[in-house]
Amino acid sequence: QVQLVESGGGLVQAGGSLRLSCAASGSSFSITAIGWYRQAPGKQRDLVATISSGGDINYADSVKGRFTISRDNAKNTAYLQMNNLKPEDTAVYYCNAGVVQSMGVIGFYEVWGQGTQVTVSS
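Residues numbered from 1 in each chain as written. Predicted model: local features only at pLDDT ≥ 70, side-chain atom pairs only at ≥ 80, totals over all residues. Heavy atoms only, no water.

Peer 1: Explain the overall build of the protein to me, please; I cannot follow it from the model alone.
Peer 2: In terms of regular secondary structure, the protein is built from zero helices and eleven strands. The helix and strand sequence of the protein, counted from the amino end, reads β-β-β-β-β-β-β-β-β-β-β. Compactness check: the protein gives a C-alpha radius of gyration of 15 Å against a globular reference of 14 Å for 122 residues, within 12% of the reference. Dimensions of the protein, computed from the C-alpha atoms along their principal axes, are close to 50 × 25 × 25 Å. Relative to its 122 residues, the protein shows a buried fraction of 39%. For the protein, contacts bridging at least 24 residues in sequence account for 56% of all contacts bridging at least 6. (Helix = DSSP H or I, 4+ residues; strand = E, 2+ residues; numbered from the N terminus. Rg over C-alpha atoms; globule rule 2.2 N^0.38 Å. Buried < 20%, exposed > 50% of the residue type's maximum accessible area, 1.4 Å probe, protein only. Contact = heavy atoms within 4.5 Å.)

See the structure below:
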């Protein structure tokens, strides 16, 4: 089973920056598309950004121009660079990835990380 571990969250003042990481581990796997999501207390989980295996990128309008999603396939790691943070960015941020895994038979599935808290103070 492939697992995702997120890190890099924390407390930052408005206007500051954070970089989140999402590291995948396991055996005989590759990652297809990756998405970053966030969920604030009492609200639904929203898509923040996605990046395909070929590098195609999409952003939510609320973060466009401030956030940058990237990936390092050699390290099985994805990143979310967050600049000019605002209090409304406060949420738990989750990484989601499509997985191709060959364990005798090729399988396709999605996995989620545990989430990392981002808090932006005013």
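Next comes the rest of the write-up.
Peer 1: When you look at the sheet that holds strand E3 (residues 18-25) in this model, what are you seeing that I'm missing?
Peer 2: Within a sheet, each strand pairs with its neighbour through backbone hydrogen bonds, oriented either parallel or antiparallel. Reading across from one edge, E1-E3-E8-E7 is the order of the four strands in this open sheet, with antiparallel pairing throughout. Whereas interior strands pair on both sides, the edge strands pair on one side only; in this sheet they are strand E1 (3-7) and strand E7 (67-72). The average angle at which neighbouring strand axes cross in this sheet is 15°, direction not considered. Bridge analysis of E3 against strand E8 (residues 77-82) gives six bridges, and the strand direction is antiparallel. For Leu20, the partnering residue across the bridge sits in E8 and is Leu80. (Pairing = 2+ DSSP bridges. Axes fitted to C-alpha atoms, helices over the stretch in contact; angles between N-to-C directions.)

Peer 1: Help me understand the packing of aromatic side chains in this model?
Peer 2: Here a ring pair, both rings aromatic, is described through the centre-centre distance and the interplanar angle of the planes. Tallied over the entire structure, the rule returns two aromatic pairs. Between Tyr94 and Trp112 the ring centres are 6.5 Å apart and the planes differ by 80°, which places this aromatic pair in the edge-to-face class. On the criterion of sequence distance, the pair formed by Tyr94 in strand E9 (residues 91-102) and Trp112 in strand E10 (residues 106-112) is long-range, its members being 18 residues apart. Pairwise contacts between aromatic rings join Tyr37, Tyr94 and Trp112 into one cluster. The ring of Tyr94 carries Arg45 above its face, with NZ or CZ at 3.7 Å from the centroid. If you follow Arg45 out to its NZ or CZ, it ends over the ring of Trp112, 4.8 Å from the centre. (Phe/Tyr/Trp six-rings, centres within 6.5 Å; stacked < 30°, edge-to-face > 60°. Lys NZ or Arg CZ within 6 Å of the ring centre and 35° of its normal.)

Peer 1: Whenever I open this one, the pairing of strand E11 (residues 116-121) confuses me. Can you help?
Peer 2: Put simply, side chains in a regular strand alternate between the two faces of the sheet. Of the two faces of E11, the one holding Thr116, Val118 and Val120 is buried and the one holding Gln117, Thr119 and Ser121 is not buried anywhere. Across four bridges, strand E2 (residues 10-13) lies against E11 in parallel orientation. Residue Leu11 lies in a different strand from E11, and its bridge partner there is Thr119. Note: E9 against E11, three bridges, orientation antiparallel.

Peer 1: It is not clear to me how the pattern of salt bridges should be interpreted in this structure. Could you clarify?
Peer 2: Side-chain pairs of opposite charge can arise whenever the charged atoms involved come near each other. Taken as a whole, this structure holds three salt bridges when the rule is applied. The partner of Asp89 in a salt bridge is Arg38, and the shortest N-O contact between them spans 2.9 Å. Of this pair, Asp89 sits in the loop between E8 and E9 while Arg38 sits in strand E4 (residues 29-39), and the two are 51 residues apart along the sequence. You'll find Asp89 and Arg38 in the same group, each marked buried. Taking the shortest distance from any N to any O, the salt bridge between Arg66 and Asp89 comes out at 2.7 Å. (Salt bridge = Lys/Arg side-chain N within 4 Å of Asp/Glu carboxyl O.)

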